[in-house]
Protein chains: 2
Amino acid sequence: MSQSPAPRRTLGRPARISREQVIATARRIVDADGVDRLTMRRLATEIGTTPMALYHHVRNKDELLVALLDDYAERALRRPELPGDPRGRVLAAAAAIHEALAACPWITEVLTADDLMSTSALWFVEQILDGLIACGLTPDRAVHGYRAIWYFTAGEIIVRTTATRRRTDDDRPTYRERVFADVDPDELPRLAQAAGRWAALTAEDTYLDGLQALLDGLLAAH
Amino acid sequence: MSQSPAPRRTLGRPARISREQVIATARRIVDADGVDRLTMRRLATEIGTTPMALYHHVRNKDELLVALLDDYAERALRRPELPGDPRGRVLAAAAAIHEALAACPWITEVLTADDLMSTSALWFVEQILDGLIACGLTPDRAVHGYRAIWYFTAGEIIVRTTATRRRTDDDRPTYRERVFADVDPDELPRLAQAAGRWAALTAEDTYLDGLQALLDGLLAAH
DNA sequence: ACCTGAACACCGTTCAAGT
DNA sequence: ACCTGAACACCGTTCAAGT
């Protein structure tokens, strides 16, 4: 989606930088150094202007981030061949969203804004809704089902990416390691039993398993 | 959990502020104005010292936030009477965590650090693991099941709270409203059909429904 | 051991002025 | 219409010094 501003007039001073250029440069910074390092000031110097020149092409930093999300979704969300059966369609559409998000961890900062990430993602939402309805849910319950899938998907991405982010830039034992070290096997036997395998188990990608379980549960009652 | 530092010595200058006081004041700021408004500088002036005095009781701001989370979990997570049947136990433990988090939206900033929020929450994790195993899952699959429940729970909290946060401090039409306005009913019929009811549907609290569906799905294969 | 003051190296954004 | 410079009101944190 391009929510470009007013139609370009030929009057006045010719623009030296464009909104596209601003967004493209912001993307480069974020891809290289992470979203934390994207500041209006750095973006300006990287482009070769003053910070305030940016505000002519973008309302503020928040809008820049949303534009960045849109830009990414438009390029990363390629519509796949969907299977014919509705259950498979829901799974494939959700997995496609998940895959695009997983490849772009910085997105979590913006992601949580709301449930519809961008217009480019709407087609996927449509497939999920349609699949759920074809499986027998009412339209209203399909929306709730979609939301449940979205909670699960967003939660998986956010928890997973922020966990790995902290692990990398830290050499000391993680919070989790310190917590497990204090577990009393008499009081918390299951945790103590799992403590040694916890890191390996949580490193496994079980998104698809969880998604299937959730979907099965959503469809089971109907 | 109190990860208090070295044992208090009587030597040297007597402390004028304590770690407890720092955390308690930080909590007051966060409860009143949100986590964004918690800065080391404001915290210092609110206590009546200089910013740098804080760094003697807390390693840095990140550690302060984790301490804040611990502090909250210790006070908010009261262990409920759990039902005898294992499925009910899992539901009740997950719902208790969810309830505590929902009452404390600022926590999402810290929450996503990892999966075990604090030692106070471990008992609840234990109940979930134990319940899942009692329902027939292997210990490894129980960990995966717990993770799935955690993804869903964290995702619900994060999406819900950030969505309402943006709604309040903004009078213009939301991003979602703008997106729905552009939906083409021919291309995306299900979305167009749901557009009018979307806000009302997503305002409903369907966490427990989703949780039950997920749990049913997790248990179904075994 | 605990606290202070000054300073460093940053932020996002407004405002008034330039071309 | 588009861009600039200076300024405002902030940040987290380090460092050297005080008691």
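Residues numbered from 1 in each chain as written. Chains lettered and ligands numbered in written order. Predicted model: local features only at pLDDT ≥ 70, side-chain atom pairs only at ≥ 80, totals over all residues. Heavy atoms only, no water.

Student: Break down the overall build of chain A for me, citing the residues and quoting the values.
Tutor: When helices and strands are tallied, chain A shows 11 helices and 0 strands. Along its sequence from the N terminus, chain A presents helices and strands in the succession α-α-α-α-α-α-α-α-α-α-α. A buried classification covers 49% of the 222 residues belonging to chain A. For chain A, long-range pairs separated by at least 24 residues make up 69% of all intrachain contacts whose partners lie at least 6 apart in sequence. (Helix = DSSP H or I, 4+ residues; strand = E, 2+ residues; numbered from the N terminus. Buried < 20%, exposed > 50% of the residue type's maximum accessible area, 1.4 Å probe, protein only. Contact = heavy atoms within 4.5 Å.)

Student: Tell me about the packing of helix α5 (residues 86-102) of chain B against helix α11 (residues 207-220) of chain B, and please be specific about residues and values.
Tutor: Residue and element names in this part refer to chain B. Viewed as axis vectors pointing N to C, α5 and α11 meet at an angle of 140°, and their least axial separation amounts to 11 Å. With respect to α11, the axis of α5 lies oblique. In terms of crossing hand, the pair formed by α5 and α11 is right-handed. For the pair α5 and α11, contact is made by R87, V90, L91, A94, A95 and H98 and by Y207, L208, L211, Q212, L215, D216 and L219, respectively. Taken together, the residues of the contact of α5 with α11 break down into 9 nonpolar, 2 polar and 2 charged. (Axes fitted to C-alpha atoms, helices over the stretch in contact; angles between N-to-C directions. Parallel < 35°, antiparallel > 145°, perpendicular 65-115°, else oblique. Left-handed = near helix turned anticlockwise from the far one by under 90°. Nonpolar A, V, L, I, M, F, W, Y, C, P; charged D, E, K, R; others polar.)

Student: Describe the pattern of salt bridges, listing the residues and the values that go with them.
Tutor: Summed over all chains, the structure comprises 25 salt bridges over all chains. One salt bridge in this structure joins R190 of chain B and D130 of chain A, with 2.8 Å as the shortest N-O distance. Taken as a pair, R190 of chain B in helix α10 (residues 189-203) and D130 of chain A in helix α7 (residues 119-134) lie in two separate chains rather than in one. By relative accessible area, which is 25% here, R190 of chain B ends up partly exposed. Each member of the salt-bridge network shares a partner with another, and the members are R28, D33, R42 and E46 of chain B. (Salt bridge = Lys/Arg side-chain N within 4 Å of Asp/Glu carboxyl O.)

Student: So what about helix α2 (residues 40-47) of chain A? Which residues, and what values?
Tutor: Residues and elements named next belong to chain A. What α2 keeps buried is the set M40, L43, A44 and I47. Viewed end-on, α2 has its buried residues packed into an arc of 100°, placing them on one side of the element. Across α2 from its buried face, at more than 90 degrees, point the exposed residues R41 and T45. In this fold, the buried residues of α2 make contact with α1 (19-33), α3 (51-54) and α4 (61-76). Within two residues after α2, G48 carries a phi angle of roughly 100°, on the positive side. (Arc of directions from axis to C-beta.)

Student: Explain the protein's contact with DNA strand C residue by residue, including any values.
Tutor: Neighbouring DNA strand C are 22 residues; R13, R41, M52 and Y55 of chain A together with R16 of chain B lie closest to it. Counting only atoms of DNA strand C within 4 Å of the protein, the sugar-phosphate share comes to 53%. Take R41 of chain A: an N or O atom from its side chain is 2.3 Å from a base nitrogen of DNA strand C. R16 of chain B is positioned with one of its backbone polar atoms (N or O) 2.4 Å from a phosphate oxygen of DNA strand C. Elements that contribute at least two residues to the surface near DNA strand C include exactly α2 of chain A together with α3 (51-54) of chain B. Across the surface near DNA strand C, the residue classes tally to 9 nonpolar, 7 polar and 6 charged. (Near = heavy atom within 4 Å. Polar contact = N/O pair within 3.5 Å; in protein donor to acceptor, adjacent residues only side chain to side chain.)

Student: Provide a residue-level description of the relation of the copies chain B and chain A, including the pertinent values.
Tutor: Between the two copies, chain B and chain A, the superposition gives an RMSD of 0.1 Å; the rotation angle is 180° and the shift along the axis is 0.0 Å. The relationship between the two copies is best expressed as a two-fold rotation axis. A share of 100% of the interface residues of chain B reappears at the interface of chain A, consistent with the copies meeting face to face through the same patch. (Least-squares fit on C-alpha atoms with pLDDT ≥ 70 in both.)

Student: Please provide a residue-by-residue account of the UniProt feature "domain: HTH tetR-type" (unreviewed entry) in chain A, values included.
Tutor: In this numbering, the UniProt entry assigns the feature "domain: HTH tetR-type" (unreviewed entry) to residues 16-76 of chain A. Secondary structure across residues 16-76 of chain A divides into 70% helix and 0% strand, with the first and last C-alpha atoms of the span separated by 29 Å. (UniProt positions renumbered as here; feature names shortened; annotations may be inferred.)

Student: Could you give an account of the interface of chain B and chain A, naming the residues involved and the relevant values?
Tutor: Many structure descriptions define interface size as the accessible area lost when the parts assemble. Each partner contributes residues to the interface: chain B has 68 residues there, and chain A has 68 residues. Both faces considered, chain B and chain A share a buried interface measuring about 6000 Å² in area, 64% of it formed by carbon and sulfur atoms. Of all residues in chain B, Y151, Y175 and R190 of chain B give up the largest surface area on contact with chain A, accounting jointly for 12% of the area buried on that side. Summed over the shared surface of chain B and chain A, the number is 6 salt bridges. On inspection of chain B and its partner chain A, the count reaches 12 residue pairs in polar contact (both at pLDDT 80 or more). Of all elements in the fold, only α4 (61-76), α7 (122-134), α8 (139-168), α9 (175-181), α10 and α11 of chain B reach the threshold of two or more residues within the side of chain B that touches chain A. (Buried area = accessible area lost by both parts, 1.4 Å probe.)

Student: Explain the protein's contact with DNA strand D residue by residue, including any values.
Tutor: Neighbouring DNA strand D are 22 residues, the closest being R16 of chain A together with R13, R41, M52 and Y55 of chain B. Counted by atom, the contact set of DNA strand D within 4 Å of the protein is 50% sugar and phosphate. R41 of chain B is positioned such that a nitrogen or oxygen atom in its side chain is 2.3 Å from a base nitrogen of DNA strand D. In this structure, K61 of chain B approaches DNA strand D through a side-chain N or O atom, which is 3.1 Å from a phosphate oxygen. Mapped onto the surface near DNA strand D, the elements with two or more residues apiece are α3 of chain A together with α2 (40-47) of chain B.

Student: So, the side chain of H98 of chain B: which residues are in play, and what are the values?
Tutor: Residues and elements named next belong to chain B. Its place among the elements puts H98 in helix α5. Among the polar contacts made by the side chain of H98, one reaches the side chain of E156 at a distance of 2.7 Å. Discounting chain neighbours no more than four positions away, the residues touching H98 are T153, E156, I157 and Y207.

Student: So what's going on with the UniProt feature "DNA-binding region" (unreviewed entry) in chain A? Residues and values would help.
Tutor: Feature annotation in UniProt assigns "DNA-binding region" (unreviewed entry) to the following positions: residues 39-58 of chain A. For residues 39-58 of chain A, the helix share is 60%, the strand share is 0%, and the end-to-end C-alpha distance is 13 Å.

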